[in-house]
Amino acid sequence: MTKHTPKPDDRSDNVEKLQEMVYNTIENMEEAEASMQFSDGEQKAKIEQKNERRRESIEGMREEIKDEAASQENKYQ
């Protein structure tokens, strides 16, 4: 029977991945806001709520970017 060992934790590109996620989320927000002009009151409210959740997610991702960047900086010092 083959012994399986876990892959080492490679966090070297986490900052880049998180930055890409922030960029994509902002794009989604902008597209949603553009679609609001064609939406009725209920749809507009849902879009606004979703964009508010996206803003909160972006804040969290930016905090995580700071943490990851600091971790990488400490690793290379």
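Just above sits the structure.
Here the structure is a predicted model, which is why all the values come from computation and not from measurement.

Asks: Before we move on, could you go through the overall build of the protein chain and cite the residues and values that matter?
Replies: If you tally the helices and strands in the protein chain, you get two helices and zero strands. Its C-alpha radius of gyration of 19 Å places the protein chain more than 25% over the 11 Å reference for a compact globule of 77 residues. For the protein chain, the spread of C-alpha atoms along the three principal axes comes to 60 × 40 × 15 Å. Counting all 77 residues of the protein chain, 21% fall into the buried class. In the protein chain, the share of contacts with a sequence separation of at least 24, taken over all contacts with a separation of at least 6, comes to 72%. Of the roughly 6600 Å² of accessible surface on the protein chain, a fraction of 48% belongs to carbon and sulfur atoms. Positive and negative charge centroids in the protein chain, built from 13 and 20 side chains respectively, lie 5 Å apart.

Asks: Help me get a handle on the packing of helix α1 (residues 14–35) against helix α2 (residues 41–75), residues and values and all.
Replies: Remark: α1 packs on α2, axes separated minimally by 9 Å, with the N-to-C direction vectors making an angle of 165°. What the angle tells us is that α1 and α2 run roughly antiparallel. The two elements α1 and α2 cross, and the hand of that crossing is left-handed. Considering only residue class, the contact of α1 with α2 consists of 12 nonpolar, seven polar and six charged.

Asks: Give a description of the pattern of salt bridges that names residues and reports values.
Replies: Under the criterion given, the structure shown has five salt bridges. Linking K17 and D13 is a salt bridge whose minimum nitrogen-to-oxygen distance equals 3.6 Å. Since its relative accessible area comes to 48%, K17 is described here as partly exposed. Since its relative accessible area comes to 29%, D13 is described here as partly exposed. E52 is the partner of R55 in a salt bridge, and the nearest nitrogen-oxygen pair spans 3.4 Å. Here R55 and its partner E52 are both found in helix α2, three residues apart, which amounts to about one turn of the helix. You can call R55 partly exposed: its relative accessible area is 33%. On the accessibility criterion, E52 (38% relative accessible area) is partly exposed. What emerges from the salt-bridge pattern is a single network uniting E33, E52 and R55.

Rules behind the numbers
Residues numbered from 1 in each chain as written. Predicted model: local features only at pLDDT ≥ 70, side-chain atom pairs only at ≥ 80, totals over all residues. Heavy atoms only, no water. Helix = DSSP H or I, 4+ residues; strand = E, 2+ residues; numbered from the N terminus. Rg over C-alpha atoms; globule rule 2.2 N^0.38 Å. Buried < 20%, exposed > 50% of the residue type's maximum accessible area, 1.4 Å probe, protein only. Contact = heavy atoms within 4.5 Å. Areas by Shrake-Rupley, 256 points an atom, 1.4 Å probe, with all protein chains shown as cover. Lys, Arg positive; Asp, Glu negative; His and termini not counted. Charge placed at Lys NZ, Arg CZ, Asp CG, Glu CD. Axes fitted to C-alpha atoms, helices over the stretch in contact; angles between N-to-C directions. Parallel < 35°, antiparallel > 145°, perpendicular 65-115°, else oblique. Left-handed = near helix turned anticlockwise from the far one by under 90°. Nonpolar A, V, L, I, M, F, W, Y, C, P; charged D, E, K, R; others polar. Salt bridge = Lys/Arg side-chain N within 4 Å of Asp/Glu carboxyl O.

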